[in-house]
Amino acid sequence: MRKGRVLFALIIFFGLIYAVYQYTPIFKPNTIEIVVKSPKAYFSANKTVNIAISDKTAPIKSIKVELISMNTTIKLFEKQFNEPLVKQFDVNFKPNKVIPQGKAVFVVSVEDYSKSNFLNGFKKVVQFPVFVDSTPPKVILLSGVSRIKIGGAALAIFYVKDTNLKDVYLGVSRDGVVDRFRAYNAQTIFGNPNVYLSFFTYRLSKLKNYSTNIYATDEAGNLTIVHVPVFYTTPKIRTSRINITDEFIKTKVMAILEHEGIPKKETLLGDFLYVNDIVRKQNYAKVKEICSKSESKILWKGRFSQLFRSAVTATFNDKRFYYYKGKLVDVKYHKGYDLASVRNARVNAANSGRVVFEGYLGVYGNTMIIDHGFGVFSLYGHLQSFLVSVGSYVKKNQYVAITDTTGLAGGDHLHFDVVVDGYYTNPVDWWDYHWIKAHILNVIDEAKTRLSLLNQ
Ligand SMILES: [Zn+2]
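Here is what the cut-offs are and how they apply
- Residues numbered from 1 in each chain as written.
- Predicted model: local features only at pLDDT ≥ 70, side-chain atom pairs only at ≥ 80, totals over all residues.
- Pairing = 2+ DSSP bridges.
- Helix = DSSP H or I, 4+ residues; strand = E, 2+ residues; numbered from the N terminus.
- Contact = placed C-beta atoms within 7 Å.
- Axes fitted to C-alpha atoms, helices over the stretch in contact; angles between N-to-C directions.
- Parallel < 35°, antiparallel > 145°, perpendicular 65-115°, else oblique.
- Left-handed = near helix turned anticlockwise from the far one by under 90°.
- Nonpolar A, V, L, I, M, F, W, Y, C, P; charged D, E, K, R; others polar.

(A) A look at the sheet that holds strand β14 (residues 184–185). A sheet is described by the order of its strands in space; here 4 strands give the open sequence β9-β11-β15-β14, paired in antiparallel fashion. Because the sheet does not close on itself, it has two edges, and the strands there are β9 (138–141) and β14. Sheet topology note: the β14/strand β15 (residues 195–201) ladder contains 2 bridges and is antiparallel. Residue pairing in the sheet places Y184 in a bridge with L197 of β15.

Next up, the structure:
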């Protein structure tokens, strides 16, 4: 009799422990996990809602996604799992419905089949405030057809409006590569905070399948793409032969390697190829970085000027074939103009602007870069010294530097580039007032007219 009672008490005792373990939330915690990948702070009905739901211990029973706005609750997604089988589920859908714009609360509720919590299962709710914006940015092109001789520059002007604009740029895609050109706010010209402009170029390309568009995104991820019509022509490419001598490598190339702290390669040719390829690419990358910040103003006036009393010894996009001991060893395009004057000639600023860089830049040697505003820069290479300091505003034709042979220069000359947002363009255009008038000044005037007709 006594033994039986003890056994009975033990059964009750362990039964109780089992019940407490199994059905109360003391030992088994709520393991529902909700990770909202999108939306974040902004919500767009046109953008995919992406939520990863998982439960380590119990299958999922139900999922509900809602948006509480003002005094209405909008059901966005609902799913019931009739069988306790699924422990992981990705919610992935586009709401595609009319949702009132403005403040709202995004709510995700998930229940599981856990026996714990007295057979009711667990529930987890994740909620956070969002701003509903399903309207993509309004983008209107204010400039007409842009005309480019490949390698040259063009200007596009556009009106962009959105309550929470995040990013706007002009993209030129070709051969699967997109060149991004900054869109500068052009209020200083148009007196309107919604007008932007981009200077852009068409880089030389084999396939010539260029496509030019303005891309505007808002904080909610709504994207507007507007096509920019461009009429382009292909220039003739000049070729030139450059003979690389041991003497040139031992003096010019070695000086660059030393300056950059790069160890010598096994052969003299190896040294040359390293500088002409790797160091050159690093220099271009540095120029692109320097030219990524510019004033949102036109700092220049009239045509750009060439180095005084200079002769042109190399032109833009010349295809250069480098020969060493009679053999072709490298091919590169020349990104600017070579201008020769007297030895140690004084360099006049091509136009008014602000000096943003002075320093040693590998193949360019001692280099100066002047910002002319809205992403347009002029670059002066192979210099001896600088006559003005970084940060100073210079006037057109003011003497700013002295020429020399620093960097990869055989003789004393100035290497001159015009750089648009980090991309090289043909200086000849900028030296020509007719080009400036037709491609920049008239484009601005036409845009002003279109803007005045715009129903904003
Ligand atoms: Zn050059």
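(B) Up close: the sheet that holds strand β7 (residues 102–112). As summarised here, the arrangement of the 5 strands in space is β2-β8-β7-β4-β5, forming an open sheet in which the pairing is mixed. Bordering the open sheet on either side are β2 (42–43) and β5 (72–80), each of which pairs with just one other strand. Bridge count for β7 against strand β8 (residues 123–132) is 10 bridges, and the pairing is antiparallel. Counterpart to E111 in the pairing with β8 is K123.

(C) Broad picture of the environment of T405. Mapped onto the elements of the fold, T405 is located in the loop between β29 (399–403) and β30 (414–420). Sequence separation of T405 and Q384 is 21 residues, and the distance between their C-alpha atoms is 7.4 Å. Among all residues touching T405, those that are not within four sequence positions of it are H382, G411 and D412.

(D) Focus on the packing of helix α3 (residues 246–260) against helix α4 (residues 268–290). It is the contact of α3 with α4, at a shortest axis distance of 9 Å, that shows an interaxial angle of 55°. Classified by the angle their axes make, α3 and α4 are oblique. Seen along the crossing, α3 lies across α4 with a hand that is left-handed. For the pair formed by α3 and α4, the contact residues are D246, I249, V253, M254, I256, L257 and E260 on the first element and L268, D271, F272, V275 and V279 on the second. Considering only residue class, the contact of α3 with α4 consists of 9 nonpolar, no polar and 3 charged.

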